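Here's the letter readout for the chains.
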Amino acid sequence: MSSASTLAFIGGGNMARSLIGGLIARGTPAADIRVSEPVDVLREALARDFGVQVGADNAEAAGPAGLWLLAVKPQIMRAVCEALAPLAQANRPLVVSIAAGITAAQLQRWLGGGVAVVRAMPNTPALLGAGVTGLFASVEVDRNGREHAANLLASAGRTVWIDDEARMDAVTATSGSGPAYIFLLAEAMEAAAIAEGLPADAARTLVQETVLGAARMLTESGEDPAELRRRVTSPGGTTQAAVETFEAGGFRALVAQAIANATERGRQLSAAND
Ligand SMILES: NC(=O)C1=CN([C@@H]2O[C@H](COP(=O)(O)OP(=O)(O)OC[C@H]3O[C@@H](n4cnc5c(N)ncnc54)[C@H](O)[C@@H]3O)[C@@H](O)[C@H]2O)C=CC1
Ligand SMILES: O=C(O)[C@@H]1CCC=N1
């Protein structure tokens, strides 16, 4: 018998862990979360850290659950879904997939058709409740299903509905992968600070707090990033010297190309794993 309140994670890797951490921190009872994960150490860590029910059998985790959260890699999504198709047809759960690229139509087909499918693209700050998730619902998802999916992901941070599924690859390239871009910038800033003679621990603290402070100004002021940047930039000053260097090096075009390539990779993941 499946229960609407029980949630099954199929795959208990990095992103599942971040989402589970967010859910538990915001009051979802651990007893309502079941996780299926083949790697022993990951399974044991989830049970130890969050108190959730764990196992290695996908159907066993999914059987009692009204909502399935598919958190496996795009490359194995087809095999995982096809193995769960009889259960999906019998129980008609709400299925939420967080896989990059994989489309609602593919998930539908692999699960046997007629299943309510939501595509969600969260990001790892979900662990702190500071994530953001783009959501797309297939036509089979009713109002309750949309609310259920949105409430689930709201425990990870803010949610944004996307009407055109084709744009989910752009969401993935912007916010799904986005934390890695900020971490890359932090790595580069730290290395540069050390090269300028700062001790490593000082460089780390300075970069960490700068990223945090800038992110808070961006979100809490609601102001345009260009205006916030302008206020740091004294004419003829140090910031101007740095920003001109970024611009001369093609920073904006590089960011645009990086996000375009990530978007294209989403499409390729769909085609390659069909
Ligand atoms: N890491 C991230 O920042 C984000 C990842 N995603 C998506 O989340 C999904 C998972 O990504 P990660 O957590 O990064 O990868 P991961 O590799 O950390 O997690 C996937 C987990 O699935 C497990 N697994 C492998 N075969 C399985 C099977 N047959 N049944 C059940 N579990 C199985 C693996 O052992 C692994 O722990 C991907 O589809 C990715 O596109 C989405 C948003 C952000
Ligand atoms: O790199 C990836 O493919 C996944 C999807 C978004 C973040 N990580």
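- For the protein, the name recorded in an unreviewed UniProt entry is Pyrroline-5-carboxylate reductase, with Lysobacter hankyongensis as its organism.
- In its Sequence similarities (unreviewed entry) section, the UniProt record describing the protein reads: "Belongs to the pyrroline-5-carboxylate reductase family."
- In its Pathway (unreviewed entry) section, UniProt records this for the protein: "Amino-acid biosynthesis; L-proline biosynthesis; L-proline from L-glutamate 5-semialdehyde: step 1/1."

1. Side note on the overall build of the protein
Part 1: Counting its secondary structure elements, the protein contains 12 helices and 8 strands.
Part 2: Once the C-alpha set of the protein is aligned to its principal axes, its extents read approximately 70 × 40 × 30 Å.
Part 3: Taken over 274 residues, the protein has a buried fraction of 34%.
Part 4: Restricting the contact set of the protein to residue pairs at least 6 apart, pairs at least 24 apart contribute 68%.

2. Quick notes on helix H8 (residues 178-195)
Part 1: In a regular helix each residue adds 1.5 Å, so 18 residues correspond to 26 Å; H8 covers 26 Å between its end C-alpha atoms and thus fits that length.
Part 2: Once H8 finishes, Gly197 follows within two positions and takes phi at roughly 105°, a positive value.

3. Notes on the site of ligand 1
Part 1: Contacts to ligand 1 come from 27 residues, most closely from Gly11, Gly13, Met15, Ala99 and Ala100.
Part 2: Every element with two or more residues in the shell around ligand 1 is listed here: helix H1 (14-25) and helix H4 (74-91).
Part 3: Grouping the constituent residues of the shell around ligand 1 by class yields 16 nonpolar, 9 polar and 2 charged.

4. Notes on the packing of helix H7 (residues 168-176) against helix H12 (residues 251-272)
The relative placement of two packed helices is expressed as an angle between their axes plus a distance between the axes.
Part 1: The N-to-C vectors of H7 and H12 enclose an angle of 130°; their axes lie 8 Å apart at closest approach. By the angle between their axes, H7 is oblique relative to H12. Crossing handedness for the pair H7 and H12: right-handed. Residues Asp169, Ala170, Thr172, Ala173 and Thr174 of H7 form the contact with H12, whose own contacting residues are Ile259, Ala262, Thr263, Gly266 and Arg267.
Part 2: Its residues assigned to classes, the contact of H7 with H12 comprises 4 nonpolar, 4 polar and 2 charged.

5. Brief notes about the UniProt feature "domain: Pyrroline-5-carboxylate reductase dimerisation" (unreviewed entry) in the protein
Part 1: In the numbering used here, UniProt assigns the "domain: Pyrroline-5-carboxylate reductase dimerisation" (unreviewed entry) feature to residues 165-269.
Part 2: Strand forms 0% of residues 165-269 and helix 83%; the C-alpha atoms that close the span are 15 Å apart.

6. Some points on the UniProt feature "domain: Pyrroline-5-carboxylate reductase catalytic N-terminal" (unreviewed entry) in the protein
Part 1: In the numbering used here, UniProt assigns the feature "domain: Pyrroline-5-carboxylate reductase catalytic N-terminal" (unreviewed entry) to residues 7-101.
Part 2: Helix makes up 48% of residues 7-101 and strand 22%, with an end-to-end C-alpha separation of 23 Å.

Cut-off values and rules
Residues numbered from 1 in each chain as written. Chains lettered and ligands numbered in written order. Predicted model: local features only at pLDDT ≥ 70, side-chain atom pairs only at ≥ 80, totals over all residues. UniProt positions renumbered as here; feature names shortened; annotations may be inferred. Helix = DSSP H or I, 4+ residues; strand = E, 2+ residues; numbered from the N terminus. Buried ≥ 20, exposed ≤ 12 C-beta atoms within 10 Å, placed from the backbone. Contact = placed C-beta atoms within 7 Å. Expected span 1.5 Å × (residues − 1). Near = placed C-beta within 6 Å. Nonpolar A, V, L, I, M, F, W, Y, C, P; charged D, E, K, R; others polar. Axes fitted to C-alpha atoms, helices over the stretch in contact; angles between N-to-C directions. Parallel < 35°, antiparallel > 145°, perpendicular 65-115°, else oblique. Left-handed = near helix turned anticlockwise from the far one by under 90°.

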